[in-house]
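An overview of the molecular structure
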Amino acid sequence: MYGPLEYVVIQFTEDRFTGDILPVLMDVEEEGCVGLVDLIFVRKDAAGALTLLEISELDEGLAAAYEPLVSEFHGLLTAEDVATAAVDLPADSAAAVLLLEHHWAVDLQLAVRMAGGQLVDSGYINPETQADVFALEIETEENNAT
């Protein structure tokens, strides 16, 4: 049984991949709450054309650094998935498209099924809305402190 799958698109400010997010990805994997199921890098050129890069297509040093994660990949992200996920990327940019499995939810899914229940909807709050909510909370706390 698999946990819920979520895709995440991380846009980089420059058209380059450095491996700076790698230590955190490895920590997440090690903790076991979330598993990295697939990862594809994408570049969008000035004309808007996409180039997809598997880890094996990165420069040798960077590809080797990601190698410990590759054994867990299931190859579920397709070129069409990545193109859809990257549609809003600006020209001359780069991104990583990650497919994550929420291991923490497996037992909950089983309990729901055993209780005769079923998931009928799911969703995430977008980052902009989260930032607005957190800013409002901070403002409220500051106003209450005075």
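Further up the page is the structure itself.
Below you will find a few notes about this structure. Numbering of residues begins from 1 in every chain and follows the order in which that chain's sequence is written. Since the coordinates come from a predicted model, pLDDT governs what is reported: local features require at least 70, and pairs of side-chain atoms require 80 or more to be given and counted, while whole-chain, interface and lining totals use all residues. Excluding hydrogens and water, the side-chain values take into account all heavy atoms of the structure.

**As for the overall build of the protein chain**
- Counting its secondary structure elements, the protein chain contains 5 helices and 4 strands.
- Helix numbers and strand numbers start at the N terminus; a helix is a DSSP run of H or I with at least 4 residues, a strand a run of E with at least 2. Mapped from its N terminus to its C terminus, the protein chain presents α and β elements in the order β-α-β-β-α-α-β-α-α.
- Its C-alpha atoms give the protein chain a radius of gyration of 18 Å, clearly above 15 Å, the size a compact globule of 146 residues would have.
- Based on the C-alpha atoms only, the size of the protein chain along its principal axes is roughly 50 × 50 × 25 Å.
- Summary of the burial criterion: residues with accessible area below 20% of their type's maximum are buried, those above 50% are exposed, and those between are partly exposed, where the area comes from a 1.4 Å probe applied to protein chains only. Here the protein chain holds 146 residues, and the buried ones make up 29% of them.
- At a minimum sequence separation of 6, the contacts of the protein chain that also span at least 24 residues come to 81%. Atoms counted for the radius of gyration: C-alpha only. Globule rule: 2.2 Å times the number of residues to the power 0.38. Note on definitions: a residue-residue contact is assigned when non-hydrogen atoms from the two residues lie within 4.5 Å.

**What about the sheet that holds strand 1 (residues 5-12)?**
- The pairing criterion for strands is at least two bridges between them, as found by DSSP. Ordered in space as 1-4-2-3, the 4 strands form an open sheet in which the pairing is antiparallel. Looking along the sheet, the strands with just one partner apiece sit at the ends: strand 1 and strand 3 (50-53). Going across the sheet, the axis of each strand differs from the next one's by a mean of 25°, ignoring polarity.
- Two strands pair when backbone bridges link them, and strand 2 (residues 34-44) and strand 3 are joined in this way by 4 bridges, in the antiparallel orientation. Following the sheet pairing, Val42 is matched in strand 3 by Leu52. Comment: axis = line fitted to C-alpha atoms, over the contacting stretch for helices; angle = value between 0 and 180 degrees taken between N-to-C directions.

**Remarks on a negative patch on the surface**
- Only residues whose relative accessible area exceeds 30% and that form no salt bridge are eligible for patches; like-charged ones are grouped when within 9 Å, while nonpolar side chains (Val, Leu, Ile, Met, Phe, Trp, Tyr) are grouped when within 5 Å. Methods summary: accessible areas were calculated by the Shrake-Rupley approach with a probe of 1.4 Å, and residue burial reflects only the protein chains presented. The working definition used for a salt bridge is a side-chain nitrogen of Lys or Arg within 4 Å of a carboxyl oxygen of Asp or Glu. Note on charges: Lys and Arg go in the positive column, Asp and Glu in the negative column, and His and the chain ends are not counted at all. Charge positions are represented by NZ for Lys, CZ for Arg, CG for Asp and CD for Glu. Negative charge collects at one region of the surface, where Glu137, Glu139, Glu141 and Glu142 lie side by side.
- Assignment of secondary structure puts Glu142 in helix 5 (residues 127-145).

**Some remarks on the side chain of Glu6**
- Of note, Glu6 is situated in strand 1.
- Of the side chains bearing the opposite charge, Arg113 lies closest to the buried Glu6, which forms no salt bridge; the N-O distance is 18 Å.
- A polar contact is formed between the side chain of Glu6 and the side chain of His102, at a distance of 2.8 Å. Two N or O atoms form a polar contact when they lie within 3.5 Å of each other; inside protein one atom must be a possible hydrogen donor and the other a possible acceptor, and for residues adjacent in sequence the pair counts only when both atoms belong to side chains.

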